[in-house]
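A look at the structure
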Amino acid sequence: MRGGRLLQDGAPGGPVLRLFVRLVQRPLLPAVRLWRRNIQLRVVAATLLMSLAVVLALGFVVIAQVSKGLLDAKEEAAQSQAAGGFAVAQEKANTPSTVDGPDATDNKVGRDASTWMNSLVKQLASGGQTAFEVVALGAGTGTTGSGAQPPGGPAVSGVKGARASGNVDPTASVPPALRRSVNHATGTFKTFSQIRYTAGPGAKAPEPALVVGKRLTDINGDPYDLYYLFPLTQEEESLNLVKSTIATAGLFVVVLLSAIAWLVVRQIVTPVRMAAGIAERLSAGRLQERMKVTGEDDIARLGEAFNKMAQNLQNKIQQLEDLSRMQRRFVSDVSHELRTPLTTVRMAADVIHDARVDFDPVTARSAELLAGQLDRFESLLADLLEISRFDAGAAALEAEPIDLRDVVRRVIDGAEPLAEHKGTRIRVLGDTQPVIAEADARRVERVLRNLVVNAVEHGEGRDVVVRLASAGGAVAVAVRDYGVGLKPGEATRVFNRFWRADPARARTTGGTGLGLSIAVEDARLHGGWLQAWGEPGGGSQFRLTLPRTADEPLRGSPIPLEPEDSRANRARAAAEAAGAGAATQAPSRDAGRPDRSPIPPRSAVAGALPVPSDPTALPGNGARVVARPADRAADTAADRAADMAADRAAGTPRDAAAPAQDPAPHTKDDTPGAQDGTVRTPEVRAAVGRPAAQEDGAGGR
């Protein structure tokens, strides 16, 4: 253990353990995948395990009952036979002598106790015929053999030695606990033990037995212990036969049940697999696929219902396709048909707009508003045509290796007039190294223009940060603003067509509401992602992620969707710093004015802190500020004062007011919204809400 964790990174056992786990997991992955995907295998395996458990439980119960029955019968027979033997032995010891001579084998006359005991053991064992063995032990320890004498004393008379029949080791075959019970109490005692035989040629192996013993007296009235040893060989063989029979029958039952389960489940799973395959083909667009239905059972009714569902689905999809085709054709036809009258209206509006200096203020302002609304109408028309191309699948990608830094610079240069009008500074991070990707420069520029213009418009005068990064097989550009942000759930709805976060909010840049919809379609055309994040009052971040090479699938983005300066990340960082005791108070960057953004601008202020680098922005990090010259800033302030005066005079909103100054030198508007070469001044574009940077409906969340 190190630092409270086992096998940390860098620990000696860490790489070895990970390698071992990887080697173990590699052969198991196919089996795990097969187990998860094959319901038939799971059902059969479950049936096999449950059957095996039932067979084992049943086998244990049967074996226990059979074993108990055999032992009970053996004990009953052994006790009965031993009781008869004990009675015979005691009767022989108590019988008076009737015959004198060497042939009197059953009488006391002419015999000592030792000879009598040997004769008794042989006589009792001869009636067993290998059904039992007889052991006689002298009272006490009984460790002295026949004819032996104890150490330091004379020969012992009477029954003091151990005697047994059938080469049985008497002292080793009778358990000491049983001998103590027989020596200290009267009656018959029994226990289970093993019969051990004396060593020698042809010696038998130990075998289980039931031992029954009792204390008796010999012909001299001295006590001795007599034991009957009943082998359990036959009972053990019978029990083994029962076990083997149960095991064989159980194995056969388990295999049979598994085969039955396989067949039964196959009848159910096969139609389900057919339905799954047909559903996959339906999802792939082959709407004519149907299930084969046979019979009238539940599976057949399922197939009929599935076929009806597929037929209804095909009809509905066909209707929707026809309707969508009609809608796309209508939008395309209307858009094309409107271009001719719009060109005529544009020419007339340009003539009126150019002569507005000769009109009274109200008429001049109307001419300017007319030109601005015509710009918006042209943008809407261009966006509708672009959307119709996406809907019809006619959008083509002209991919070539490009440096996204150049695209970002062009976008920022085009959005600079709007940023100056809003009092916003645009900062760029991560542009110190090339960010190369195979992409359509025109479409990527359109996406970024939408994002940057939206960020400036909704940033409420705060800084806008554009971050570039490249890592692995992906490149990303993130646009961060610190304006009103997005409410929960709006991050997905923001890409809907004509969706606006605040319908009461004025469109100062003349957005059509289709900019982000076109942007997300452009991202999808590249095989990339366009995602949004936001928090109320904390701004938002839009991230464009593209594959480095065309047709390469994306596996991640080098820039996190939630920025590091979000409320949640700042609170988490503060908690970690407080817990570690390493939180420090950073000095203020500018004591003269409040900071408008959580990310301070990079400027040559004395004592300024370096801009924190983003670890995900690879390779390299950097920042630059799109600064405004001092004279242009002064001109902007003067223009704003003039706009406010014109607003009060004409009674129009501040964002739509035009500067009451002489028109500036004309420049040609080369945006797609002015395809007829109409001339516009930068001041008029800012006044009517269409800056020179706007293209294809950029603006408006």
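Cut-offs used in this document
- Residues numbered from 1 in each chain as written.
- Predicted model: local features only at pLDDT ≥ 70, side-chain atom pairs only at ≥ 80, totals over all residues.
- Heavy atoms only, no water.
- Helix = DSSP H or I, 4+ residues; strand = E, 2+ residues; numbered from the N terminus.
- Buried < 20%, exposed > 50% of the residue type's maximum accessible area, 1.4 Å probe, protein only.
- Phe/Tyr/Trp six-rings, centres within 6.5 Å; stacked < 30°, edge-to-face > 60°.
- Expected span 1.5 Å × (residues − 1).
- Arc of directions from axis to C-beta.
- Contact = heavy atoms within 4.5 Å.
- Pairing = 2+ DSSP bridges.
- Axes fitted to C-alpha atoms, helices over the stretch in contact; angles between N-to-C directions.
- Parallel < 35°, antiparallel > 145°, perpendicular 65-115°, else oblique.
- Left-handed = near helix turned anticlockwise from the far one by under 90°.
- Nonpolar A, V, L, I, M, F, W, Y, C, P; charged D, E, K, R; others polar.
- Polar contact = N/O pair within 3.5 Å; in protein donor to acceptor, adjacent residues only side chain to side chain.
- pLDDT = per-residue confidence, 0-100.

1. Looking at unusual backbone geometry
- If you check the backbone angles, Asn 167 has positive phi at about 55 degrees while not being a glycine.
- Within the secondary structure, Asn 167 sits in the loop between β2 (163–164) and α4 (170–173).
- Phi is positive for Glu 460, which is not a glycine, with a value near 55 degrees.
- Relative to the helices and strands, Glu 460 resides in the loop between α10 (441–458) and β9 (464–471).
- The partly exposed category is assigned to Glu 460, whose relative accessible area is 45%.

2. A look at the packing of aromatic side chains
- Counted by the stated rule, this structure contains 6 aromatic pairs.
- Measuring from centroid to centroid gives 5.6 Å for Phe 132 and Phe 230, while their planes differ by 55 degrees, and the two rings are tilted. Here Phe 132 is found in the loop between α3 (113–126) and β1 (133–138), whereas its partner Phe 230 is found in strand β5 (residues 223–231), with 98 residues between them in sequence. No difference in accessibility class separates Phe 132 from Phe 230, as the two residues are buried.
- Members of the aromatic cluster, each reached through a chain of ring pairs, are Phe 86, Phe 132, Tyr 228 and Phe 230.

3. Details of α3
- The terminal C-alpha atoms of α3, which comprises 14 residues, lie 20 Å apart, in line with the 20 Å expected from a rise of 1.5 Å per residue.
- Every buried residue belonging to α3 is among Ala 113, Ser 114, Trp 116, Met 117, Leu 120, Val 121, Leu 124 and Ala 125, and all of these are buried. The buried residues of α3 occupy an angular sector of 155 degrees when the element is viewed end-on, so they sit on one face.
- If you follow the buried residues of α3, they end up packed against α2 (39–94), β1, β2 and β5.

4. Topic: the sheet that holds β5
- Strand order in the open sheet formed by 5 strands is β2-β1-β5-β4-β3, and the pairing between neighbours is antiparallel. This sheet does not close on itself; its edge strands, each paired only once, are β2 and β3 (189–195).
- With 9 bridges joining them, strand β4 (residues 207–217) and β5 adopt antiparallel strand pairing. Opposite Gly 213, over in β5, you have Tyr 227 as the bridge partner.
- Each of β3, β4 and β5 touches α2; the most contacted strand, β4, lies at about 30 degrees to it.

5. Quick word on the pairing of strand β8 (residues 436–439)
- The alternating pattern of β8 places Ala 437 and Ala 439 on a buried face and Ile 436 and Glu 438 on a face that is not buried.
- Pairing of strand β6 (residues 400–403) with β8 involves 4 bridges; the strand directions are antiparallel. Bridge assignment links Ile 402 to a residue of β8, and that residue is Ala 437.

6. Topic: the packing of α2 against helix α6 (residues 233–283)
- Across the interface, α2 lies against α6 with an axial gap of 8 Å and an inter-helix angle of 160 degrees. Taken together, α2 and α6 sit at an angle that is classed as roughly antiparallel. Once α2 is placed against α6, the crossing between them reads as right-handed.
- A class-by-class count of the residues in the contact of α2 with α6 yields 20 nonpolar, 8 polar and 5 charged.

7. A few points about the environment of Ser 540
- Relative to the helices and strands, Ser 540 is located in strand β12 (residues 540–547).
- Ser 540 gets classed as buried once you look at its relative accessible area, which sits at 0%.
- Measuring from C-alpha to C-alpha, the distance between Ser 540 and Gly 483 comes to 7.3 Å, with 57 residues separating the pair along the chain.
- A polar contact is formed between the side chain of Ser 540 and the side chain of Asp 481, at a distance of 2.7 Å.

8. Focus on the confidence of the model for the protein chain
- Residue-level pLDDT values for the protein chain average 74, and 73% of them are 70 or greater.
- Overall, residues 1–12 carries pLDDT values under 50, and its contacts beyond four positions in sequence, including any with other chains, amount to 11 contacts.
- Overall, residues 141–159 carries pLDDT values under 50, and its contacts beyond four positions in sequence, including any with other chains, amount to 27 contacts.

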